[in-house]
Amino acid sequence: MIRFDAVTKSFGGRKAVDDVSFAVEPGTVCALVGTSGSGKSTLLRMVNRLENPDSGRILFDGVDIAGLAPVELRRRIGYVIQSIGLFPHWTVARNIATVPRLLGWERGRVEARVSELLDLVGLEPEIHAQRYPDQLSGGQQQRVGVARALAADPELLLMDEPFGAVDPLTRRSLQESLAAIQKRTGTTVLLVTHDVEEAIRLGGTIAMLEHGRLVQAGAPAAVLAHPASEQVARFFGGPLLGLHLLQVLNVGERTDFSAAPAADGEPIPAGATLEEALARMIADGVAHLPVLDAANGRRGTLNLTDLVGR
Ligand SMILES: Nc1ncnc2c1ncn2[C@@H]1O[C@H](COP(=O)(O)OP(=O)(O)OP(=O)(O)O)[C@@H](O)[C@H]1O
């Protein structure tokens, strides 16, 4: 879907993005991480041509975007930023309808789309459509920002720290909504985040920049199990990196299904993360959990020692 090919961009003689090459596959979520100033936003902004590379190419479905008119390109891309940028004097409905109206959709189609999107992002249309942005909480405004970006069915969603300014619980809920929406729509997402847990939770792949250079790209489990450098390991938690690994491994991968469950109590689903299993063990004061793999009709036992590998 998006391929960065030796992309470089400097500001005042300093390279903000330095010879970056990687691809974001269609229908996937790629989390772009790295410390502050590593070039994440600049890379993202080059995709919708808010910036242009000094050298290298960005291909959108195989076509070099340098040859596409920015307005045409941006119609195919939804863009969500932390400061949202909702128009304060427009209702929620009108804000969401911005691009469909620009595209000349007829009124009935626009209204139906606004209601559908409000439902999709977890806001009741009857209550929220006619409100103004300042009548919504920060988290609700972020939801409207996501709805607006999705309004014209973009092929690609660019998100720059979209949930940076909300409390942890709201953030978690927004992440879950985004994951569900992405699964349903199949939209390709390139997400900039500082938050390691957000990257792990949402990213099908993680790409890490350091001083403008790509230092590692891969599936979260692969990056966490084999960080390419000391910097990557430090970014993903340093000595606590192993705990993040528990977030990307499933109970089913470590469960002994060869015998009937040896432990009592409510079984934990095989699809739960090892982190959830560890939390249950600590909360219940047990070293073994019964496991239910409903998809394959299997039951087994997860032992505390299995968390370090079988
Ligand atoms: N328009 C600009 N003019 C001059 N320098 C810029 C401009 N945009 C970005 N930079 C510089 O480029 C480098 C990368 O910035 P960028 O915003 O891409 O980093 P980032 O990884 O997104 O950072 P953060 O996580 O803090 O948002 C920084 O040194 C920044 O100061």
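Residues numbered from 1 in each chain as written. Predicted model: local features only at pLDDT ≥ 70, side-chain atom pairs only at ≥ 80, totals over all residues. Heavy atoms only, no water.

- Naming follows an unreviewed UniProt entry, where the protein appears as ABC transporter ATP-binding protein of Ancylobacter mangrovi.
- Among the UniProt annotations of the protein, the heading Sequence similarities (unreviewed entry) holds the following wording: "Belongs to the ABC transporter superfamily." (UniProt positions renumbered as here; feature names shortened; annotations may be inferred.)

## Remarks on the site of the ligand
Then, number 1: Near the ligand you find Phe11, Arg14, Ala16, Thr35, Ser36, Gly37, Ser38, Gly39, Lys40, Ser41, Thr42 and His194, and these make up its full shell.
Then, number 2: Between the ligand and serine 36, the relevant distance is 2.5 Å, taken from an oxygen atom to a side-chain nitrogen or oxygen of the residue.
Then, number 3: In this structure, glycine 37 approaches the ligand through a main-chain N or O atom, which is 2.8 Å from an oxygen atom.
Then, number 4: Relative to its unbound accessible surface of 630 Å², the ligand loses 59% to contact with the protein.
Then, number 5: Of all the secondary-structure elements, those providing two or more residues to the shell around the ligand are β2 (14-24) and α1 (40-47).
Then, number 6: In terms of residue count, α1 provides more of the shell around the ligand than any other element does, three residues in total.
Then, number 7: Of the residues assigned to the shell around the ligand, the class counts are two nonpolar, eight polar and two charged. (Near = heavy atom within 4 Å. Polar contact = N/O pair within 3.5 Å; in protein donor to acceptor, adjacent residues only side chain to side chain. Areas by Shrake-Rupley, 256 points an atom, 1.4 Å probe, with all protein chains shown as cover. Helix = DSSP H or I, 4+ residues; strand = E, 2+ residues; numbered from the N terminus. Nonpolar A, V, L, I, M, F, W, Y, C, P; charged D, E, K, R; others polar.)

## What to know about the pairing of strand β1 (residues 2-11)
Then, number 1: As paired elements, β1 and strand β4 (residues 55-60) share five bridges and run antiparallel to each other. Opposite isoleucine 2, over in β4, you have phenylalanine 60 as the bridge partner. (Pairing = 2+ DSSP bridges.)

## Re the nonpolar core
Then, number 1: Of all hydrophobic cores here, the largest spans 34 residues; its most connected members are Ile96, Leu157 and Met159.
Then, number 2: Elements that contribute at least two residues to this core include exactly α3 (92-96), α5 (107-120), α7 (138-150), β7 (156-160), α8 (168-185) and β8 (188-192).
Then, number 3: With residues near it in sequence (within four places) discarded, methionine 159 still touches Leu44, Val80, Val146, Leu178, Val189, Leu190, Leu191 and Val192.
Then, number 4: In terms of nonpolar packing, the next biggest core, distinct from the first, is built from 29 residues, Val232, Phe235, Phe257 and Ala277 among them. (Core = buried A, V, L, I, M, F, W, Y, C linked by side-chain atoms within 4.5 Å. Buried < 20%, exposed > 50% of the residue type's maximum accessible area, 1.4 Å probe, protein only. Contact = heavy atoms within 4.5 Å.)

## Things to note about the environment of valine 189
Then, number 1: Checked against the element boundaries, valine 189 lands in strand β8.
Then, number 2: The class for valine 189 is buried, based on a relative accessible area of 1%.
Then, number 3: Sequence-wise, valine 189 and glycine 27 are 162 residues apart; in three dimensions their C-alpha atoms are separated by 7.5 Å.
Then, number 4: Residue contacts for valine 189: discarding those within four places in its chain leaves Val24, Thr28, Val29, Cys30, Leu157, Met159 and Gln182.

## A closer look at the side chain of threonine 42
Then, number 1: Of note, threonine 42 is situated in helix α1.
Then, number 2: Residues within four places of threonine 42 in sequence aside, it is in contact with Lys9, Phe11, Ala16 and Val17.

## Concerning the packing of α7 against α8
Then, number 1: It is the contact of α7 with α8, at a shortest axis distance of 10 Å, that shows an interaxial angle of 20°. Taken together, the axes of α7 and α8 are roughly parallel relative to one another. Note that α7 runs across α8; the crossing there is right-handed. Every residue of α8 that contacts α7 at Gly139, Gln142, Arg143 and Leu150 is listed here: Thr170, Ser173, Leu174, Ser177 and Ile181.
Then, number 2: Class assignment of the residues belonging to the contact of α7 with α8 gives a composition of three nonpolar, five polar and one charged. (Axes fitted to C-alpha atoms, helices over the stretch in contact; angles between N-to-C directions. Parallel < 35°, antiparallel > 145°, perpendicular 65-115°, else oblique. Left-handed = near helix turned anticlockwise from the far one by under 90°.)

## What about the pattern of salt bridges?
Then, number 1: Under the counting rule described, the total for this entry stands at 17 salt bridges.
Then, number 2: A salt bridge links glutamate 51 to arginine 45, with the nearest nitrogen and oxygen atoms 3.5 Å apart.
Then, number 3: Residue classification places glutamate 51 among the buried positions, given a relative accessible area of 18%.
Then, number 4: For arginine 45, a relative accessible area of 28% gives the class partly exposed.
Then, number 5: Among the ionic pairs, arginine 201 bridges to glutamate 197, the shortest N-O distance being 3.2 Å. Residue arginine 201 and its partner glutamate 197 are located together in helix α9 (residues 196-202), separated by four residues, close to a single helical turn.
Then, number 6: The exposure class of arginine 201 is partly exposed, given its relative accessible area of 32%.
Then, number 7: By relative accessible area, which is 32% here, glutamate 197 ends up partly exposed.
Then, number 8: Salt bridges linked by common partners bring Lys15, Asp18 and Arg213 together as one network. (Salt bridge = Lys/Arg side-chain N within 4 Å of Asp/Glu carboxyl O.)

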